[in-house]
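Examining the three-dimensional arrangement
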Amino acid sequence: MQTRFTLRQLEYLVAVGRFGSISLAAHHLSVSPPSISNAIAQLEAEFGLPAFVRKHAQGMTLTQAGRALMAQAVQVLEAARALSNLADQHNGTVRGDLNVGCLLTFAQIIVPRLRRAFTTAFPEVTFRQFQNHQAGLIEALRDATIDIAITYDLMIPADMEFTPLATLPPFAMLPAAHPLATRSSLSLAELAPSPMILLDLPISGAYFMSLFDQAGVTPRIVERSHDMAVVRSLVGNDFGYSVANARPFAPTAPDGEELAFVPLTGGLKPVRMGILSTAGGKSSLTVKTFVSLCEKMIDPTMQAQISINAKE
């Protein structure tokens, strides 16, 4: 039986289904939009089914048939990847695609170093990195858009596996000139009356709010943002304080304003940074090798650089 489609066409179908846009899918896959558009048209012609509803200025929406095709395409791509991984396991070659997701909170701190070390050691690997919030990373793992994710152990689904790499307690982030910035430690009760800038990402935002519940106080939130860089700049310009778990290597906001990081007391719940994957998602040699590198590089020295431990 002659194959009526290619794996590349299926990859494009899944990407458009996930992002709801040819241009976003093209950016994600680093290909031209016409290449994806032609592939989708060819698939629809071959199967005689419309996979998407085209909405002017509103992107692409999967049809009922398109949803079924996408679900099956994900399975086919996973099977093809498993076949390739099997061959690599037998010949001991670390190569192929590696799609790594990372939590927005610390993507700029962690991933570039890991990526440089890994691609230098294994130049046959095509490494792609993606940033998202926790819920987005979980979704991307489920539809095989990414192979693994570097993230926190927040609301991990029962069908996924988490390998811890570092424990990061929460700390206060303040403008350097703030009256409390020189303190050796702070409690949330001391901070609560002051204006707060909340990093309000799905799941992560709920974690930060749970810390105040744990301390029995209510924060005075004056600003919310989904972007950690924006939060740092607002704090640096004295619009309020914030709470975080991973600090940048340089104590400055993106606009150059000085920041201070002060440990929080009260036995507040830390988060663990680690590798999240679907069950069996770390079985390929390439993924195993990358996880091993993460375990070596995210060592006590790097953990000390991005973490602040409170002294009760």
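Values in this document were obtained by computation on a predicted structure and should not be read as measured data.

About the thresholds
Residues numbered from 1 in each chain as written. Predicted model: local features only at pLDDT ≥ 70, side-chain atom pairs only at ≥ 80, totals over all residues. Heavy atoms only, no water. Helix = DSSP H or I, 4+ residues; strand = E, 2+ residues; numbered from the N terminus. Buried < 20%, exposed > 50% of the residue type's maximum accessible area, 1.4 Å probe, protein only. Contact = heavy atoms within 4.5 Å. Areas by Shrake-Rupley, 256 points an atom, 1.4 Å probe, with all protein chains shown as cover. Lys, Arg positive; Asp, Glu negative; His and termini not counted. Charge placed at Lys NZ, Arg CZ, Asp CG, Glu CD. Phe/Tyr/Trp six-rings, centres within 6.5 Å; stacked < 30°, edge-to-face > 60°. Axes fitted to C-alpha atoms, helices over the stretch in contact; angles between N-to-C directions. Parallel < 35°, antiparallel > 145°, perpendicular 65-115°, else oblique. Nonpolar A, V, L, I, M, F, W, Y, C, P; charged D, E, K, R; others polar. Salt bridge = Lys/Arg side-chain N within 4 Å of Asp/Glu carboxyl O.

**Details of the overall build of the chain**
Each helix and strand in the chain was counted, giving 11 helices and 12 strands. With respect to the principal axes defined by its C-alpha atoms, the chain has extents near 75 × 50 × 35 Å. Looking at the 312 residues of the chain, the share that counts as buried comes to 50%. Put simply, 75% of the contacts in the chain that link residues at least 6 apart link residues at least 24 apart. Only carbon and sulfur atoms are counted for the fraction: they give 54% of the accessible area of the chain, which is about 14,600 Å². Each charge class in the chain was averaged separately, 24 positive and 25 negative side chains, and the resulting centres sit 3 Å apart.

**Re the packing of aromatic side chains**
Summed over all chains, the structure comprises eight aromatic pairs. Ring centres of Phe-5 and Phe-47 lie 5.8 Å apart, and the angle between their planes is 40°; this geometry places the pair in the tilted category. Residue Phe-5 is found in the segment before helix 1 (7–19), and its partner Phe-47 is found in helix 3 (residues 33–47); the two are separated by 42 residues along the sequence. Between Tyr-207 and Phe-208, the ring centres sit 5.3 Å apart and the planes meet at 55°, which makes this aromatic pair tilted.

**Observations concerning the packing of helix 1 against helix 3**
Relative orientation and spacing of two packed helices are given, respectively, by the angle between their axes and the distance between those axes. At a minimum axis distance of 9 Å, the contact between helix 1 and helix 3 shows a crossing angle of 105°. By the angle class used here, helix 1 and helix 3 are roughly perpendicular. When helix 1 is examined against helix 3, the residues Gln-9, Leu-10, Tyr-12, Leu-13 and Val-16 are found in contact with a partner set consisting of Ser-35, Ile-36, Ala-39, Ile-40, Gln-42 and Leu-43. Across the contact of helix 1 with helix 3, the residue classes tally to eight nonpolar, three polar and no charged.

**Structural notes on the pattern of salt bridges**
A full pass over the atoms with the stated rule returns nine salt bridges. With its nearest N and O atoms 3.6 Å apart, the salt bridge here joins Asp-143 to Arg-18. Of the two residues, Asp-143 sits in the loop between helix 6 (134–142) and strand 5 (148–152) while Arg-18 sits in helix 1, which places them 125 residues apart along the sequence. Classification of Asp-143 by relative accessible area gives buried; the value is 11%. Here Asp-97 makes a salt bridge to Arg-128, at a shortest N to O gap of 3.8 Å. Residue Asp-97 is located in strand 3 (residues 96–103), and its partner Arg-128 is located in strand 4 (residues 125–132); the two are separated by 31 residues in the primary sequence.

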